[in-house]
Every structure is written in C-alpha cells, then in structure tokens.
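These are the residues of each chain, in order.
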There are 2 protein chains.
Amino acid sequence: MIRSDLNNRKCPLARTVGEIGDGWTLLTLWAVLNGQTRFEVLQENLGVARNILSDRLRRLVHLGLLVRRPISNGSRRCEYLPTKKAVELHEPLSALREWGERHCPSKDLTEMAY
Amino acid sequence: MIRSDLNNRKCPLARTVGEIGDGWTLLTLWAVLNGQTRFEVLQENLGVARNILSDRLRRLVHLGLLVRRPISNGSRRCEYLPTKKAVELHEPLSALREWGERHCPSKDLTEMAY
C-alpha cells in the first residue's frame, strides 16, 4: 500500500511514511543498503513475490533512493545501488531494527528451538 | 493496514514495521510522544477519523507503547502516556522526520505561497 494520502501533509514524518513507509518498500531499501544489490538475491532473501519486488524497486528508483545500473562484469544484468539520500536512512532504520530486536521477539517456534 | 505477515519474520526491522509501521499508528504514537495526550487534541491535530484514532490508540495500548489513565484533574476523561518502550522510538522517529524535512518537500500549494 502506498499511502499517498500522507504524502502531502505538513508533518514531515507523515511525508516520510507516505514515501517509504510501505513494508516491502522499506525492507527492500534496507536490504540494498546492506549490500544486497541484485534482484535474485533480494527476492530470495526477502521471500517476496517477483512482481512486488519489481514494483518496489521501480518505485525506489523513481523516488531517487536507488539507481539501477549494469553490473560491471559485462553481463547484461543490472544491480541497484543506494543514493546519498537513501544512505541517510541507514542510521534511523538501523535504530528501528535494534528496537525490534529488543521489543519484538520472533514468534517463530522453529527458530526458538535453537 | 496491520501487516501481520511481517510480524513473525526473522528480520527485526520487518517485525518493527509489522508492529508499528502502519501510517496512522506511527503518527499517533509520534503525537503522543510529543505531548499530545488527549483524544480530542490528537483527533484535531492529526485530522484523522475518530474510529481510526480509537483503533490505533487501542492497538498502541495493547502493544505496551501507551498507557491510558484518568486525567489527574478529577474529570472522567482519560489521557494517553508513552511507556519507556515507546520513548525509545523518539530518536529514530525524529531522525526520519528530519529526513522528510530535507527530502520530501510539502506539495501543498497554499503552504508554499507563504
């Protein structure tokens, strides 16, 4: 869900949420910020449907948060790299991640068994 | 939208987004963190429908992010106060707000005229 109703508000936090608050948008951005730059790698690690990932990557490029460029090894494949604007989100997103680590325990029982 | 599909993931950022990533949840929490503790004040400042605000406040209380208590002046009205767990979100949310200030200009033309 892209919350366009929030994009235009006077509160800059509302505008941020409107721009990047969608769950898969944020998780895709976080993955790229942490070095997962290729479509197949992102899809496998995020466990997201291809069409959703395509949509969110296109959106992140459109927003000026990622750039798409050919992989330098000469193949026709592309990779996604974060812009400066995106890199500025690393610290606050990292803080939210740490908060989740402290306060939102995983309820995955198979994980808890180890 | 409450993204329960994200709640249970191994990535703590996904769990955070699943817990508080919903737009109105986040904006309600931010308003309470900044001293807007009463329902009527929140409703007016956020410009949100009463049923949505009620739902998000109930959810934030349920998550242990807000506590609901009678206003100390003896009236039967209540106010909402942030818990320690919620206060820990102030800094990262503040950073996201500053990011929005830098990178998501308001498109409100009436605002731009001043």
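Owing to the predicted nature of the structure, the values given are computational and were not obtained by experimental measurement.

Asks: Please provide a residue-by-residue account of the overall build of chain A, values included.
Replies: In terms of helices and strands, chain A carries eight helices and two strands. Each of the 114 residues in chain A was classed as buried or not, and the buried ones make up 34%. Of all intrachain contacts in chain A linking residues separated by at least 6 positions in sequence, the fraction that spans at least 24 positions is 33%.

Asks: Tell me about helix α7 (residues 90-103) of chain B, and please be specific about residues and values.
Replies: Taking 1.5 Å of rise per residue, 14 residues should cover 20 Å, and α7(B) covers 20 Å from first to last C-alpha, within 8% of that figure. Buried residues in α7(B) make contact with α2 (12-20) and α7 (90-103) of chain A together with α3 (23-33) of chain B.

Asks: Tell me about the relation of the copies chain A and chain B, and name the residues and values.
Replies: By a simple turn and slide, chain A fits onto chain B: the slide is 0.0 Å along the axis, the RMSD is 0.0 Å, and the turn is 180 degrees. Here the two chains are linked by the operation of a two-fold rotation axis. Every residue of chain A has its C-alpha some distance from the rotation axis, and the shortest such distance is that of P92(A), at 2.4 Å.

Asks: Run through the interface of chain A and chain B, naming residues and quoting values.
Replies: Often, the extent of an interface is quoted as the loss of accessible area upon association of its parts. With 36 residues of chain A at the interface, the matching set in chain B holds 36 residues. Elements with a contribution of two residues or more to the side of chain A that touches chain B: α2, α3 (23-33) and α7 of chain A. Counting residues per element, the side of chain A that touches chain B draws most heavily on α7(A), which supplies 10 residues. Of the residues belonging to the side of chain A that touches chain B, the class tally is 17 nonpolar, seven polar and 12 charged.

Asks: Explain the nonpolar core to me, using residue names and the numbers behind them.
Replies: A general tendency of soluble globular proteins is for nonpolar side chains to be buried together. Ranked by internal contacts, the top residues of the largest apolar core, which has 48 residues, are L13(A), L27(A), L29(A), L13(B), L27(B) and L29(B). Among all residues touching L27(B), those that are not within four sequence positions of it are C11(A), L13(A), A14(A) and L46(B).

Asks: Could you give me a rundown of the environment of I20(B), with the residues and numbers involved?
Replies: All names here are of chain B. Structurally, I20 is set in helix α2 (residues 12-20). Separated by 40 residues in sequence, I20 and L60 have C-alpha atoms that sit 8.4 Å apart. If near-sequence neighbours (up to four positions away) are discounted, I20 is found in contact with T25, L26 and L29.

Asks: Explain the environment of I71(B) residue by residue, including any values.
Replies: Turning to its location among the elements, I71(B) is positioned in the loop between β1 (66-70) and β2 (78-82). In sequence terms I71(B) and T37(B) are 34 residues apart; their C-alpha atoms lie 9.8 Å from each other.

Asks: Describe the packing of α3(B) against helix α5 (residues 50-62) of chain B, naming the residues involved and giving the relevant values.
Replies: Residues and elements named next belong to chain B. Where α3 contacts α5, the axes come no closer than 9 Å and their chain directions differ by 75 degrees. With respect to α5, the element α3 is oriented roughly perpendicular. For the pair α3 and α5, the contacting residues are W24, T25, T28 and L29 in the first and I52, L53, R56, L57, R59 and L60 in the second. Among the residues making up the contact of α3 with α5, the classes are represented as six nonpolar, two polar and two charged.

What counts, and at which threshold
Residues numbered from 1 in each chain as written. Chains lettered and ligands numbered in written order. Predicted model: local features only at pLDDT ≥ 70, side-chain atom pairs only at ≥ 80, totals over all residues. Helix = DSSP H or I, 4+ residues; strand = E, 2+ residues; numbered from the N terminus. Buried ≥ 20, exposed ≤ 12 C-beta atoms within 10 Å, placed from the backbone. Contact = placed C-beta atoms within 7 Å. Expected span 1.5 Å × (residues − 1). Least-squares fit on C-alpha atoms with pLDDT ≥ 70 in both. Nonpolar A, V, L, I, M, F, W, Y, C, P; charged D, E, K, R; others polar. Core = buried A, V, L, I, M, F, W, Y, C linked by C-beta atoms within 7 Å. Axes fitted to C-alpha atoms, helices over the stretch in contact; angles between N-to-C directions. Parallel < 35°, antiparallel > 145°, perpendicular 65-115°, else oblique.

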